[in-house]
Amino acid sequence: MLLDQPLQIGKLRAKNRIKFGSHQTNLSRMRIPGARWIAYFRSRIEGGVGIVVTEEASVNESDWPYERSPLTKNCTPAWSSLAKTAKEHDCLLLIGIGHCGAEGSSAFSQLPMLAPSPIADVVSRELPKALEEYEIEDILAAYESATLAAMAAGAGGIELNLAYRSLIRSFLSPLTNMRSDRYGIEKTLFATQIISRVRSKLGQGVLALRVSLDELAPWGGLGPEELIPMVVGLADQCDLVTVGIGSIFTRSAFRPDFHSREAFNNQLSRRLREAANGKFATYLQGSVTQIAVAESVCEGGDADGVEMTRALIADANLIKKVQAGEDPIGCVLCNQACLVEDVSNPIISCQLNPDAGYELEPTPKGFFQTRLKPTRLIKNSIVSIVGSGPAGMELAVSLAEAGFEVELFEKDRELGGALRRISNAGVGGVWCRSLTHYLARIENGRIKTFTDNEVLPDDIAQMAERGPLFLATGSVGSSCHSTMSGYHNWISSSDLLKSPLPAHQERVYVLDNKGDHESAWAVETAACFSDEVVLVTADPSPFSRLHKTGDLMPAISRARSLGVKFLTFTEMRAKGDSVEISKRFSPQRELVQDHMVIEVGARESSRLIEVDGNQTRQIFEIGDCFAPRTIQDAIREARCYSRALLELVAT
Amino acid sequence: MTHPYPNTFKEISLGPVVVKNRVVFSAHLTNFAEDGLPSDRHVAYYKARAEGGVGLIITEELSTHPTDWPYEKMIHGYAPGVIEGYRKITQAVHRSDTKIFAQINHNGAQGTSRYSRLALWGPSALADPLFRETPREVNEADIDSIVSSYAACAFQAKQGGFDGIELQCSHSSIVRQFLSPLTNRRSDQWGGSLTNRARLMLRIIEATRESIGNEIALGVRLCGDEVATGGLEIDEAVQIAKLAERSGMVDYVNTSIGIATSTLYAIEASMAFPPGYALYIPSAIRQGVDLPVVAVGRFKDPASIEKAIAMGHADMVGVVRGLIADPDFVKKAKSNIATSIKSCLSCNQECVGRMGLNRWLGCIENPRTAKEYLPKKEPVLDSNNALGEITKAFAVNRLSNRSKVLVIGAGPAGLQSAISAFNNGAQVAIVERRDKAGGSLALASKAPYRSELSELTRNQLYELRQNGVVPTFGVTADLSLVNSYAPDLVVVATGSLPTIPWWARGFDTSKDEGLTAVSEVSLVLDGKSNPSGRVLVFDKLGFHQGTSVAELLADRGAEVTIATPQLSVGTDLGITLDLEAWMLRAYKKGIKLETEKVVVGLEGEKITLLTHTTGETVMASFDWVVVANHPLANDSLYFELLGNQVKVVRVGDSLAPRRAVNAIIEGDLVGGLLK
C-alpha cells in the first residue's frame with residue numbers, strides 16, 4: 001500500500017501517510033495538559049500513526065478560546081513526554097500552536113478578544129478589539145517563543161493553523177480584515193511574518209500549515225482561485241500543508257458529519273498539490289475514515305497523505321489492526337462524541353469507543369457501586385447474552401476474544417438489534433460500518449449465536465445456572481410517560497426504524513423533545529410519506545442540540561427546503577381523541593384531530609424480568625435494557641462488565 | 001432613634017442553632033469546585049459574606065451520590081476528600097459569628113451522565129426537559145442507596161464543622177421528583193398518594209437526623225409551586241411541610257419556586273418580576289406549620305426584608321444576588337446606611353448567566369465577586385499573568401499612586417475607572433459630554449422592564465460622591481481640555497457610536513413620504529428619532545437592545561416586527577432568564593417575530609429580506625427600520641491623545657463595544673495601574 005510508504009517531509013520523514021490532526025480534547029485542566037491528555041495522544045502515537053499533531057495551544061494569554069485550552073507556557077512537560085514516545089515509535093510529532101482571535105472567547109480571560117478589525121464573530125456576536133501594532137508584535141514574539149519551547153521539548157516541528165478559528169486566517173480574509181494600515185493593504189503580511197519568525201526557530205524541524213482553500217462565502221470571502229496561489233506563496237518556507245475548507249460562517253464545514261462524503265476535499269487538495277509541484281507535501285483533511293479511501297486518495301494523486309483524525313479517535317490502533325489484517329472500529333462520522341466545542345466541557349470521546357479520552361480510567365468511578373458486580377465464576381462458565389444489539393454484541397465479542405465461552409441469543413432472524421435497525425434507516429451516521437464490524441468479529445470469535453430464538457422469562461433461571469447472564473434486550477418506543485399518552489395515532493421515532501414506513505399521510509406532527517440528530521432524521525423521514533410535516537418543540541428554535549454535531553444549520557436548511565413547518569415554544573398533549581397544541585407564552589390553543597404524531601426519542605426499556613439486588617443471582621442488565629440511552633452507554637457498560645469478568649478470572 | 005429594621009436583627013433559633021439575624025445567604029451554585037472538592041474560592045467567597053454580617057449561610061448543594069453529577073464543577077459531598085475543604089469554609093465563616101449549613105442533594109433525573117458516565121436515577125423513566133436523558137427508574141435497592149447516601153454525606157458535613165444540614169427537596173432534586181406527580185409515575189409504595197410520594201423525603205429526614213444527631217440543625221427546602229401544569233402547587237406544598245414537621249426531626253423550612261430545568265425563570269427571576277414575587281409561598285407554609293420559615297425571591301433591599309418578617313410572611317429571608325453584589329449588605333443595613341448598599345439589578349448576566357454556561361460566578365457591578373481569594377490590590381483577572389498582559393494592553397507602565405487621573409466619560413467604564421483609581425490613592429476628575437451619567441446603560445434602562453439597570457450608575461455615583469468625586473457634566477474633552485488638567489493618566493471611556501448599515505443612506509430623524517426611515521436602537525432610546533407606524537426592528541445582537549426597543553415602540557402604538565438572522569428572537573435573553581416573560585409580553589403587545597432573516601436591500605419603502613437558511617428573499621414594506629447592530633468604538637480621542645505626551649488608556653466600549661460587565665472589569669483594572 002502506498003499509505004504504508006514513508007514520505008519525506010522537509011528534512012524529516014513520516015513513516016506512513018496517515019496523520020492524526022489537531023483538535024480540541026478538553027483533556028487539559030487549568031490550561032495545563034496533564035496525564036490524561038498525554039495518555040490520549042500517546043495511545044495514537046503507539047498505534048502507529050505517521051504524524052501526530054497535538055491539540056492547538058494558545059501562544060499567549062491574550063487567547064483563551066475555551067476553558068480547557070492548553071496554554072503554550074504550560075505545555076513543556078506534556079510535549080516532552082510525547083516527544084519521547086514519538087521517538088520510540090518513529091512518529092513525527094508536530095506541535096499545534098495558534099491564536100483564535102475573534103473566534104475565541106472572552107469568558108475566561110475577561111479581556112477583549114483581539115482581531116485585525118472590529119468585526120464580531122457570527123456565533124458569539126462579540127466585538128473584538130482591533131489589534132494595535134504593539135499587540136501584533138507581542139503575538140509574533142509569542143509564536144516565536146512557542147516554537148522554541150516546542151523544539152526544546154524535542155518535537156519534530158510545528159503546525160500553524162491558518163484555517164479553523166484562526167487569527168492568521170482573519171488577517172488573510174477580506175471578511176475579517178478591513179484594516180487600512182500595512183496589515184490591511186497586504187493581507188498576507190501577518191501570516192508571512194509569523195511563518196518566517198517560526199521558521200527561524202525551527203532548525204531542522206518541520207513547518208506545517210493547516211489551511212482552508214474555500215471560505216464558502218462567495219459574497220466577500222476567499223475562494224480557491226485566490227487561496228491556492230496565496231497558500232503556495234505562503235508555503236514557500238513550509239514542508240507540509242493540510243487542506244480543509246470553511247471559515248467564520250461555516251465552521252462546521254471543517255469537520256462535517258456523515259452528510260458530506262468521505263474525502264470531500266479531494267479536488268481542492270489535488271489542485272493545491274499540482275500547484276505546489278513538490279515544494280511541500282499536501283495532506284487531505286475531511287471525513288476520511290476508511291483505509292481504502294485514504295489509499296485511493298494517495299494512489300490517485302489527490303494528496304500525498306491523509307488526515308484520519310476521527311478514524312483514529314474511534315480506534316487508536318487503526319493502523320496496527322489494518323497491518324495485522326484485523327477489522328478496526330470504523331468511525332461512522334456521527335460527530336456525536338468527538339466534537340467537544342461546548343460550554344459544558346465534554347471530554348473527547350467516541351460513540352463507538354467510549355474508552356477514547358478515558359485511557360487512564362475506562363471504567364467510570366462508582367460504576368460497580370451502582371450496578372451489580374459479577375462476584376463468582378463457576379468452572380466452565382458459559383456467559384449467556386440475551387439480545388444482540390450494540391450492548392450484547394460488544395460484550396459477546398470482547399468476552400469471546402478474551403477466551404470466554406459465550407452464547408448470544410436474538411429473537412429476530414438476524415443479529416444486530418437496534419444497531420441493525422438504525423443502520424438500515426441511517427439515523428445520524430454510517431452505522432452499517434459498525435454493524436459490519438461486529439458481525440465480522442462475531443463470525444471470527446467462538447461465539448455461539450442463536451437467532452430467531454426468543455428467550456422467555458421462564459428460561460432465565462436455567463441460563464443463569466450456567467454462568468453470568470446478561471440481559472441486553474434494548475428498548476421500545478413507548479408513550480407511557482408522554483404528554484401524548486393514550487393518543488390513538490401516536491408512534492415513536494423508534495417505530496420509524498421498522499419497515500415499511502407508515503402509509504401516506506396528509507399531515508404529520510413531529511413532537512420533538514430532543515432537538516438532536518434523531519429529531520432531524522425523524523422530520524426528514526416523515527417528509528417521505530407525509531404531504532405536510534410540522535415540527536413541534538418547546539425550545540426557542542428547532543434542533544436546539546444539533547450544534548454539537550455541526551449539523552444544526554444544514555439540518556434547518558434541509559428541513560426548510562422540504563417545506564417543514566416549525567412550531568417553536570410549543571407544547572402538545574393528548575385530549576382524548578384530539579391533540580391540543582399550545583404556544584408556551586400565549587393563550588393560543590389549537591385542537592387537531594386524527595393526524596399522526598411522531599414523538600422523538602420516546603422509549604422504554606424492554607425487560608424480560610425484574611432484576612433485583614440479589615448478588616447470588618448472576619443476572620445483569622446492560623444498555624437500553626437498563627435505561628434507554630445511547631449506543632455509547634451500551635458499549636461502555638458492556639466493556640465494564642467484560643473487564644470485571646476478566647478480573648475475576650485473573651484473581 | 002429606633003432602628004429601621006428591628007425584626008431583621010432579632011436572633012432566631014433553628015433547633016439547636018441560634019442565628020444572630022434573619023438574613024440568609026441561601027444555597028446557590030458557584031462553579032468554584034475543583035475536581036469535586038471545595039476550593040479556596042469557596043472559602044474566600046463565603047468568608048466575605050460572613051464578614052459582611054449575614055446571619056446564616058447555606059452552601060451550594062453537596063452531591064450525595066456518584067450518580068449525581070449534573071454540572072462539571074460540583075462538590076462531591078460523598079467523596080472522602082471533602083472534609084478538609086469543609087473545615088476551611090466553616091472555620092472562616094465561624095470567625096464572624098455567622099452560622100453555616102450544608103445543603104445536600106441528589107439531582108436525580110435533572111442531570112446528565114456526561115461527567116459521571118453512569119446512568120441517571122429517577123423515580124420514573126421520564127427524561128427531564130432540559131437534560132433530555134432517560135433515567136433508570138430506581139428500585140428498592142437503589143432507594144436504600146440514596147437514603148444512606150444522604151446520611152453519609154450529612155455525616156461528613158457534620159465532621160466538616162457545619163452547624164446544620166439542609167435537604168434540598170425543591171427545584172432540582174430527586175426528592176421533589178418523588179414528591180411531584182409530574183415526575184413520579186410509580187404505582188408502588190413510593191408513588192400515587194401524597195403519603196407515598198413523600199415517603200422518600202421522610203426516609204431521608206429520618207436517616208439524616210439519625211446520622212447527625214441532635215447537636216446540629218436539620219432543615220428542608222421545599223418547592224411551593226412548580227409553575228408547571230399538573231405539578232405541585234402551594235396547597236400540596238403546605239401538606240408536605242406539615243409532614244416534614246410532624247416527623248419531629250426538622251428544625252426549619254426553606255422555600256423555593258419553580259423547577260430548575262423547566263421553569264428556572266421563576267426561581268431566579270430577573271428585573272422583569274416584582275421583588276418578593278414568591279412571598280405567597282412562605283406565607284402560606286408559615287400558616288400551616290410552627291417551624292421557622294425562610295422566604296426567597298428577589299429581596300434586594302433591607303426594607304422589604306423587614307416588611308416580610310414584620311408582617312409575618314416569613315421568619316427569615318434569603319438574599320442571594322443582593323449579597324453577591326454587595327457582601328456587606330447586612331452590615332450596612334445594620335449600621336443604618338442602607339443607601340450605601342450596592343444594590344443588585346437582577347440583570348442575571350454574570351450570576352445566573354455564567355452558571356448556565358459552566359463558568360464561575362460573577363457580578364456585573366462587583367468585579368471582586370468570586371475573586372475574593374485574590375490579593376485585594378491585584379487585578380481580578382484569572383489569566384495567569386494578568387497584570388503583565390493588562391499593563392501591556394493598556395500600553396502604560398504602572399504609575400505612582402499619587403497620580404492625577406482624568407477620566408473621560410461617565411458611563412459604567414468611566415465611573416468604575418474613577419472608583420478604582422480613587423481607591424488606589426489617585427486624585428480623580430471625571431468629565432462627561434452629556435448632562436448625566438450612565439452612558440449607554442442610561443439609555444438601556446429607559447426601556448420597559450429594564451429600569452433597574454440604572455441602579456448600577458446610581459451605585460457608582462454614590463460611591464464616588466461619598467469620596468467627594470463628582471463628574472463635571474456638559475464638557476466635551478479634547479487635547480486642550482486634557483492638557484488643562486495636566487493629568488498623569490487619562491482614561492478614555494468615551495463609549496461607542498452607532499454604525500450605519502451598508503444598505504442604509506444614513507440615520508433619519510423623521511420619515512419622508514415614500515421612503516422607509518432608518519434608525520438605530522440607541523438613537524430611539526435617546527429620543528433622537530421616534531419611529532411609528534409599521535416598524536421593523538432588525539436585531540443582529542440577540543440581547544436586550546432589539547427586544548427592548550421593539551417593546552418600547554409597541555407600547556407607543558407602533559406595529560412592530562422584530563427580525564433576526566438567528567434561529568430565535570432574543571437568543572441571549574434565554575441566558576438571563578428574560579426570554580419567557582418577554583415572549584409573553586411580546587404576544588400581548590402584538591409584536592411579530594421573524595427568524596433566519598438578513599436585510600439585503602432597501603429601496604423606497606421596500607425592504608428586501610433574505611431567509612439565509614433557504615436562500616429565499618421577500619420584499620416587505622415598513623415605515624421605519626430600527627437596527628440593533630454592533631456599534632463602533634468611539635476611539636478617536638484615544639488615538640489623538642496617544643500621539644501626545646500624556647499617558648492614556650481606554651476602557652469599556654471605547655476599547656471594543658461589549659457589555660456592561662466588560663466595562664466594569666476594565667474600569668477596575670485601572671486601579672491596578674497605580675502602585
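In this report, we go over the structure that sits alongside the text. What you are looking at is a predicted structure, and each value in this text was computed from that prediction instead of being measured.

A word on the overall build of chain B
Along its length, chain B carries 23 helices and 27 strands. At 27 Å, chain B has a C-alpha radius of gyration in line with the 26 Å of a compact globule built from 675 residues. Reported as C-alpha extents along the three principal axes, the dimensions of chain B are approximately 75 × 60 × 50 Å. Counting the 675 residues in chain B, one finds 60% classified as buried. When contacts within chain B are restricted to residue pairs at least 6 apart in sequence, long-range pairs at least 24 apart make up 71% of them.

Quick word on the sheet that holds strand S21 (residues 592-594) of chain B
All names here are of chain B. On the basis of which strands lie adjacent, the open sheet formed by five strands has the order S18-S25-S19-S20-S21 and parallel pairing. Looking at the sheet topology across the chains shown, the edges are occupied by strand S18 (517-520) and S21. Direction aside, the axes of adjacent strands within the sheet are offset by 20° on average. Seen against the sheet, helix H20 (residues 544-555) touches strand S19 (534-539), strand S20 (559-563) and strand S25 (624-628) and runs at an angle of roughly 170° to S20.

A look at the interface of chain A and chain B
Chain A puts 51 residues into the contact, and the matching count from chain B is 51 residues. Elements with a minimum of two residues in the side of chain A that touches chain B: helix H3 (133-152), helix H12 (367-370), helix H18 (552-561) and strand S27 (603-605) of chain A. When residues of the side of chain A that touches chain B are assigned to their parent elements, the largest contribution, five residues, is made by H18 of chain A.

Looking at the environment of Arg-402 of chain B
Residues and elements named next belong to chain B. Tracing the backbone through its elements, the reader meets Arg-402 in the loop between helix H14 (386-393) and strand S13 (404-408). When the 10 C-beta atoms within 10 Å are taken as the criterion, Arg-402 is described as exposed. Spatially, the C-alpha atoms of Arg-402 and Leu-674 are 8.2 Å apart, while their sequence positions differ by 272 residues.

Considerations on the nonpolar core
Within soluble globular proteins, side chains that are nonpolar tend to cluster in buried spots. Of all hydrophobic cores here, the largest spans 411 residues; its most connected members are Ala-396, Val-510 and Ile-622 of chain A together with Ile-165, Val-317, Val-491 and Val-549 of chain B. Per-element tally for this core: the top contributor is H3 of chain A, with eight residues. Apart from residues lying up to four places away in sequence, Ile-622 of chain A is in contact with Ala-391, Leu-395, Phe-470, Ala-472, Ala-634, Glu-637, Ala-638 and Tyr-641 of chain A.

Observations regarding the pairing of strand S5 (residues 99-105) of chain B
Residue and element names in this part refer to chain B. Counting buried residues in S5 gives seven out of seven residues, a clear majority hidden from the surface. The alternating pattern of S5 places Lys-99, Phe-101, Gln-103 and Asn-105 on one face and Ile-100, Ala-102 and Ile-104 on the opposite face, and all of these are buried. In terms of strand pairing, strand S4 (residues 56-63) meets S5 through six bridges, oriented parallel. Bridge pairing links Leu-56 to Lys-99 in S5. For the crossover from S4 across helix H2 (residues 83-94) to S5, the handedness is right-handed. With four bridges joining them, S5 and strand S8 (residues 164-169) adopt parallel strand pairing. In the sheet register, Phe-101 faces S8, and the bridge partner there is Gly-164.

Describing the packing of helix H15 (residues 412-423) of chain B against helix H17 (residues 454-466) of chain B
All names here are of chain B. The contact between H15 and H17 brings their axes to 10 Å, and the two run at 30°. In terms of their interaxial angle, H15 and H17 are classed as roughly parallel. Crossing of H15 against H17: the hand is left-handed. Contacts from Pro-412, Leu-415, Gln-416, Ala-418 and Ile-419 of H15 reach H17 at Leu-456, Thr-457, Gln-460, Leu-461, Glu-463 and Leu-464. Of the residues contributing to the contact of H15 with H17, the split by class is seven nonpolar, three polar and one charged.

Conventions we followed
- Residues numbered from 1 in each chain as written.
- Chains lettered and ligands numbered in written order.
- Predicted model: local features only at pLDDT ≥ 70, side-chain atom pairs only at ≥ 80, totals over all residues.
- Helix = DSSP H or I, 4+ residues; strand = E, 2+ residues; numbered from the N terminus.
- Rg over C-alpha atoms; globule rule 2.2 N^0.38 Å.
- Buried ≥ 20, exposed ≤ 12 C-beta atoms within 10 Å, placed from the backbone.
- Contact = placed C-beta atoms within 7 Å.
- Pairing = 2+ DSSP bridges.
- Axes fitted to C-alpha atoms, helices over the stretch in contact; angles between N-to-C directions.
- Core = buried A, V, L, I, M, F, W, Y, C linked by C-beta atoms within 7 Å.
- Right-handed = clockwise from strand over helix to strand, strands pointing away.
- Parallel < 35°, antiparallel > 145°, perpendicular 65-115°, else oblique.
- Left-handed = near helix turned anticlockwise from the far one by under 90°.
- Nonpolar A, V, L, I, M, F, W, Y, C, P; charged D, E, K, R; others polar.

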